[in-house]
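# Reading the structure
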Amino acid sequence: MEFLLNNILSLIIWFPFIGILLILLIDKKRETLIKWVSLITIIIDCILSFYLLANFDFSKSGFQFVERKRWIEFINSYYFLGVDGISLLFIPLSTFTTLLCILISWDSIKELVKEFYLALLFTNIAMVGTFCALDLVIFYIFWEAILIPMYLIIGIWGGPRRIYSAIKFFLYTFFGSVFMLIGIIYLYIKFGTFDYTLLVTQKHPFLVEALLFLGFAIAFAIKVPMWPVHTWLPDAHTEAPTAGSVILAGILIKLGGYGFVRFALPMFPQASLFFSKLILVLSVIAIIYAGLVCLVEDDLKRLIAYSSVSHMGFVTLGIFSFNPIAIKGAILQMINHGIVTGALFMCVGIVYDRTHSRSISYYGGLATSMPLYAAFFMVFTLSSIGLPGTNGFIGEFLILLGTFLANKTMVVFGALGVIIGAAYMLWLYQRVFFQELNPNVAKMLPLKTNELIALILPTILVFWIGLYPNSLLNFMTASVKTLVMNLK
Amino acid sequence: MGITLNFSVILTEIIFVLISSLIFLIDKFIKNKNYAFYITLITLVLAFYIVLFVPFGEFTYAYKADFYSSVIKLFLVGGTLLISLISYSYLQYYVNLNSGEYYGFLLFSLVGAFLMLSGMDLVTIYLAMELMSFPVYFLIALNYTYYRASLEGALKYFIVGSLGSIFILIGLGVIYYFGGTFLLQEIFNKLAQNFYFKEFLIGFIFLLIGFSIKLSLVPFHMWAPDAYESAPVPITSFIAGIVKFAVMATLVKIILIGFNPLKIEIGEIFIPIILASILIGNVMAIKQDNIIRMLAYSSIAHAGYAGLGIISADYAGYSFTIFYMLIYLIMTIGIFGILALLANYKRELLHIPSMASLCEKAPFISFLILVFMFSLAGIPPTAGFIAKFYVFMSLIKTKYVWVALIAIIFAIIGAYPYLRVLKVIYMDKEPLEFYFKYDFAFLIPVVLTALLVLLIGVYPKPWTDIIYKTMYFYISSLFYYS
């Protein structure tokens, strides 16, 4: 137990590597075995990450489970891991999302099965690593390493325009992160360390700080994605296979928000304050613009992709209002959005596997042919709108409450976004599930076991967080409090 | 101080010359052509041993075996060993490349590289560079039986190379006119006493032109795609990896020992050349359909990235230049090893669009290509990223942030050609007929280099230490004992 707790972060990161090695040894014809191996690997990884949650002491604000080993002494870079209240919740979210991905693509991936599960496990390693890393070089390596499997997942198993989307996704995010790399190197040259905990305490002249902030912010803003640089997201989400969309929506775009809270805010507080107005305006534009796009969109996946842009607008709105309530709300909203949007993408994937159409006008009256499925979809729709009792409400409410204390004008526009959100989601639900039964979808196969499990798990979380949010908010209270205190 | 003739110092080169001459002599009389491979293999293993244990010292003023040259020689021998393994399987399929001449020239070229690395005066370096280049021209022209245009490539390389020699000679003339010496140490002493700064700089610029032709830096790059395409595939990796590595290491050495007081000015001269190389190499690579031409343009860009360390005019920067070239050597051997295998079984596969759905016929090979392509593009966790990271770091350290920014933006353009290869291999679906079997001469070099690429990407410490400490010891020995 002692060993387990001392090395738990490394274990969670590298445990899927065992699965990768096992899968590499298995003959590629034995697909079922490959699936089971990867499923069991991820389940164990998931259990480990929940064990991490259980052992976290949420009264402390500093980093816990710290591991620090020599990596490249020559440039003073360490293999330095640790979690605090801000990053902690993302780790179970990552492993949980990967678990859902494996469940949902059990039958829908038919070619190059071995490669697909290898890519998924590799993604898991890189995702968890990004959230744990406290050394900027390690962080950057994990951050960029995600691009490799995601590029392959979108490009190989995606839809008709997959190649265009994959390359666009890759180049867009690569473009953003190289500026961060320059920033990281500059910080190193200035202070001689890549250690996050030391860099946070440094002060810079304002101009330098502003430039550094912009360098980091470009990388994060593209990942989030914020309004003018969001165009990769609808393409990538739409063309990716279901599992790819779930990972993109669930984790990848959270990396941007996480980056803002973890790096941009504490490391460059003056610049964050200076640019906060700009970012608030961009967030509000994202909320409303993406909402309006959703109203006219006919492609199911594209609609949900744009709704992610809108929801992530709330997250950046919360982060840059510098209010502890709003920041807590933003982190919770990222978790919620990961669960709910991931689930919505899975829902779309389920019908897409049966009909091979993503067009809304193709469907209609689906509630009669797939009643159970309709019920699940309803839960996620309502949570996405933010109905009280579901997790979406808590996140949006906290963000709006916190932002109201800091900046009232923005809240008015933000709340407008909630209404638009309700409009497009409910209208979507009406067009797909009610109205007359469209003959295209008159006969549908019922839900399979793996799909059912993949839908039940997020449903439980939706209500759990919705009814007892304190179980998650407790984790971040202390860390967010210190964060905001250091800002002012 | 009299001239010392210590033959044990120069033993490696003597053995190489003797053995390659022996190969030329007996080649006519031996029917089984594989003998040359075994002789080369034994020679190289022996050379590895000798380089490790040869005493440091001078052979006349013109040659000096020291720490720096020995370490680089070890890498060169290792690289050539892997390349000759690739050549072995390549020559089983392309029998008309006369294998005696092939390996003989390979060894001769390596002798040139060794002499160049150890050369302590500019004339020796110039002659050694010619000795290194001439066998390569012949090696390209050897491919004549399989690819008619290879004569054109060889001739182009030869003419451009001769142009480079002329420039070097002019540079030597200028330097000798003002300095009265070719010895690097003497040049350093003259410069240290503030004599003839401008004149030496002009001389160095002429030298630089000659060197950039060998490094295929813009605007002296036009021979590269033709020569690369014309050469037998393993020789292409020799040109791109070994020759460039040796030339870059020599250039760094010349700057370190001879032109040290001028290093900041030299760095400034490098800026436009390097940025243009990175830009043109990356942009031109986008449209190439032949993968070897694509890699030729990418090699222009990679020479540019390595040169970023020279811009920084800093000892750490120089060691990162060497480190970059080392990583590039590893990647080149790996990727060309794979291409040699493809060329063995189906030469059309060197055309990028016809590689479609290779991942179904050859998943392992496709995976290796994936590793090398991401490494060439500089995506972590591969060695290519670490190498780029270090050169950018040295640039930012010396206040050339803007150069780093421009170079890094060009790097984004540069990612596309590699992604395109992967796109074709993994994402395009077309029927492909391709049968092959693995052999050890293919697996050893390619798997070894792929492992190294991943290993250095995850744990670069020992490798950077080797290069950096070599540089450090070398510099301290230079400035304390001379």
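Residues numbered from 1 in each chain as written. Chains lettered and ligands numbered in written order. Predicted model: local features only at pLDDT ≥ 70, side-chain atom pairs only at ≥ 80, totals over all residues.

## What about the overall build of chain A?
Spelled out, the test is: Going along the chain from the N terminus, every DSSP run of H or I of four or more residues is numbered as a helix, and every run of E of two or more is numbered as a strand. Two things to know: the radius of gyration comes from C-alpha atoms, and the globule rule equals 2.2 Å times the number of residues to the power 0.38. Burial in this document is a count-based property: other C-beta atoms within 10 Å of a residue's C-beta are tallied, and the residue is buried at 20 or more, exposed at 12 or fewer, or partly exposed in between, with C-beta positions derived from the backbone. In this description, a residue-residue contact is defined by the distance between C-beta atoms placed from the backbone, which must lie within 7 Å.
The secondary structure content of chain A amounts to 22 helices and two strands. Over its C-alpha trace chain A gives a radius of gyration of 21 Å, about what one expects of a compact globule, namely 23 Å for 488 residues. Principal-axis analysis of the C-alpha atoms gives chain A an extent of 65 × 60 × 40 Å. Going through the 488 residues of chain A one by one, you find that 59% of them count as buried. Sequence-distant contacts, at least 24 apart, represent 81% of the contacts inside chain A between residues at least 6 apart.

## Description of the overall build of chain B
Counting secondary structure elements, chain B contains 19 helices and two strands. Its C-alpha atoms give chain B a radius of gyration of 21 Å, near enough to 23 Å, the size a compact globule of 482 residues would have. Dimensions along the principal axes, computed over C-alpha positions, put chain B at roughly 70 × 60 × 40 Å. Taking all 482 residues of chain B together, 59% fall into the buried category. Intrachain contacts of chain B at a sequence separation of at least 6 include 80% that bridge at least 24 residues.

## Overview of the confidence of the model for chain B
All names here are of chain B. What counts is decided by this rule: Summary of the metric used: pLDDT quantifies the predictor's per-residue confidence within the range 0 to 100.
In the predicted model, chain B carries a mean pLDDT of 88, and 99% of its residues have values of at least 70. Mean pLDDT per element in chain B: helix α19 (residues 461-481) is the minimum at 78, and helix α12 (residues 291-311) is the maximum at 92. Scored as a whole, the predicted complex attains pTM 0.90, and scored at its interfaces, ipTM 0.85.

## Concerning the nonpolar core
Keep this limit in mind: Connectivity within a nonpolar core runs through C-beta atoms within 7 Å, and the core itself is a set of buried Ala, Val, Leu, Ile, Met, Phe, Trp, Tyr and Cys residues.
If you look at the biggest cluster of nonpolar residues, it comprises 388 residues, and the most contacted ones within it are A246 and L339 of chain B. In terms of residue count, helix α13 (residues 315-345) of chain B provides more of this core than any other element does, 22 residues in total.

## A word on the pairing of strand β2 (residues 77-83) of chain A
As a reminder of what qualifies: Strand pairing requires that DSSP identify at least two bridges connecting the strands.
Alignment of strand β1 (residues 64-72) of chain A against β2 of chain A, held across six bridges, turns out to be antiparallel. Residue pairing across strands places E67 of chain A opposite L81 of chain A, the latter belonging to β2 of chain A.

## Focus: unusual backbone geometry
A cis geometry characterises the amide bond from V224 of chain A onward to P225 of chain A, with omega recorded as -15 degrees. Within the fold, P225 of chain A resides in the loop between α11 (206-223) and α12 (232-239). Geometrically, the link from P380 of chain B to P381 of chain B is a cis peptide bond, its omega value of 5 degrees lying close to zero. In this fold, P381 of chain B is placed in the loop between α15 (363-377) and α16 (383-397). The backbone phi angle of H356 of chain A is positive, close to 55 degrees, even though this residue is not glycine. With respect to the helices, strands and loops of the structure, H356 of chain A is situated in the loop between α16 (324-355) and α17 (366-369). Its 9 C-beta neighbours within 10 Å are what place H356 of chain A among the exposed residues. Despite not being glycine, T60 of chain B has its phi angle at roughly 55 degrees, a positive value.

## Considering the interface of chain B and chain A
The interface is formed by 26 residues belonging to chain B together with 27 residues belonging to chain A. Taken together, the elements giving at least two residues each to the side of chain B that touches chain A come down to α16, α17 (401-427) and α19 of chain B. Ranked by residues supplied to the side of chain B that touches chain A, first place goes to α17 of chain B with twelve residues.

## Observations regarding the environment of L350 of chain B
Residue and element names in this part refer to chain B. Within the fold, L350 resides in the loop between α13 and α14 (358-361). On a C-alpha basis, the gap between L350 and D289 in space is 8.6 Å, while along the polypeptide they are 61 residues apart. Non-local contacts of L350, meaning those with residues more than four positions away in its chain, are made with N290, I291, I292, L339, L342 and A343.

## A few points about helix α11 (residues 263-286) of chain B
Residue and element names in this part refer to chain B. As a reminder, the rule being used: The length a helix should cover is 1.5 Å for every residue beyond the first. One fitted axis covers the seven residues ending at a residue, a second covers the seven starting there, and the bend at that residue is the angle between these axes.
The terminal C-alpha atoms of α11 lie 34 Å apart, and with 24 residues this matches the ideal 34 Å at 1.5 Å per residue to within 8%. Residue F270 marks the point of greatest curvature in α11, where the axis turns by about 35 degrees; the proline P272 follows within four residues. Among the residues of α11, those classed as buried are I266, G267, F270, I273, I274, S277, I278, L279, G281, N282, M284 and A285. Among the structural elements, α8 (197-215), α10 (233-258), α12 and α17 are those in contact with the buried residues of α11.

## Section: the packing of helix α6 (residues 113-132) of chain A against helix α13 (residues 242-267) of chain A
Residues and elements named next belong to chain A. So the rule is basically this: Structural elements are reduced to axes, namely lines fitted to C-alpha atoms, with helices fitted over the stretch in contact, and the angle between N-to-C directions of any two is expressed from 0 to 180 degrees. Should an angle fall under 35 degrees it is taken as roughly parallel, and over 145 as roughly antiparallel, whereas 65 to 115 is taken as roughly perpendicular and any remaining angle as oblique. Crossing handedness is read from the near helix: turned anticlockwise from the far helix by less than a right angle, it gives a left-handed crossing, and turned clockwise, a right-handed one. Charged means Asp, Glu, Lys or Arg here, nonpolar means Ala, Val, Leu, Ile, Met, Phe, Trp, Tyr, Cys or Pro, and polar covers whatever is left, Gly included.
α13 packs onto α6 with a crossing angle of 15 degrees between their chain directions and a minimal axis gap of 11 Å. Put simply, α6 runs roughly parallel to α13. Note that α6 runs across α13; the crossing there is left-handed. Counted together, L120, T123, M127, T130 and F131 of α6 and A243, I247, I251, L255 and Y258 of α13 form the full contact between these two elements. In the contact of α6 with α13, the residues fall into eight nonpolar, two polar and no charged.

## Side note on the packing of helix α3 (residues 31-54) of chain A against helix α5 (residues 90-104) of chain A
Residue and element names in this part refer to chain A. Where α3 contacts α5, the two axes come as close as 9 Å, and the packing angle between them is 160 degrees. By the angle between their axes, α3 is roughly antiparallel relative to α5. Crossing of α3 against α5: the hand is left-handed. For the pair α3 and α5, contact is made by S38, L39, I42, I43, D45, C46, S49, F50, L52 and L53 and by I91, P92, T95, F96, T98, L99 and I102, respectively. Among the residues forming the contact of α3 with α5, the class breakdown is twelve nonpolar, four polar and one charged.

## A closer look at the environment of V200 of chain A
All names here are of chain A. Relative to the assigned elements, V200 resides in the loop between α10 (196-199) and α11. For V200, a count of 15 C-beta atoms within 10 Å gives the class partly exposed. Separated by 61 residues in sequence, V200 and F139 have C-alpha atoms that sit 15 Å apart. Residues in contact with V200, not counting those within four places in the same chain, are P266 and M267.

## A closer look at helix α7 (residues 184-192) of chain B
Residue and element names in this part refer to chain B. So the rule is basically this: The arc refers to the directions leading from the helix axis to the C-beta atoms.
Listed in full, the buried residues belonging to α7 are L184, I187, F188 and K190. Considered in projection along α7, the buried side chains sweep an arc of 165 degrees and stay on one side of the axis. Tucked into the core, α7 has its buried residues touching α6 (150-179), α8 and α10. Directly beyond the C-terminal end of α7, a positive phi value near 65 degrees is found at N194.

## Concerning the environment of I222 of chain A
All names here are of chain A. Tracing the sequence through the fold places I222 in helix α11. By the C-beta count within 10 Å, which is 23 here, I222 ends up buried. Distance from I222 to G176, taken between C-alpha atoms, is 6.3 Å for residues 46 residues apart in sequence. With residues near it in sequence (within four places) discarded, I222 still touches Y172, T173, G176 and V229.

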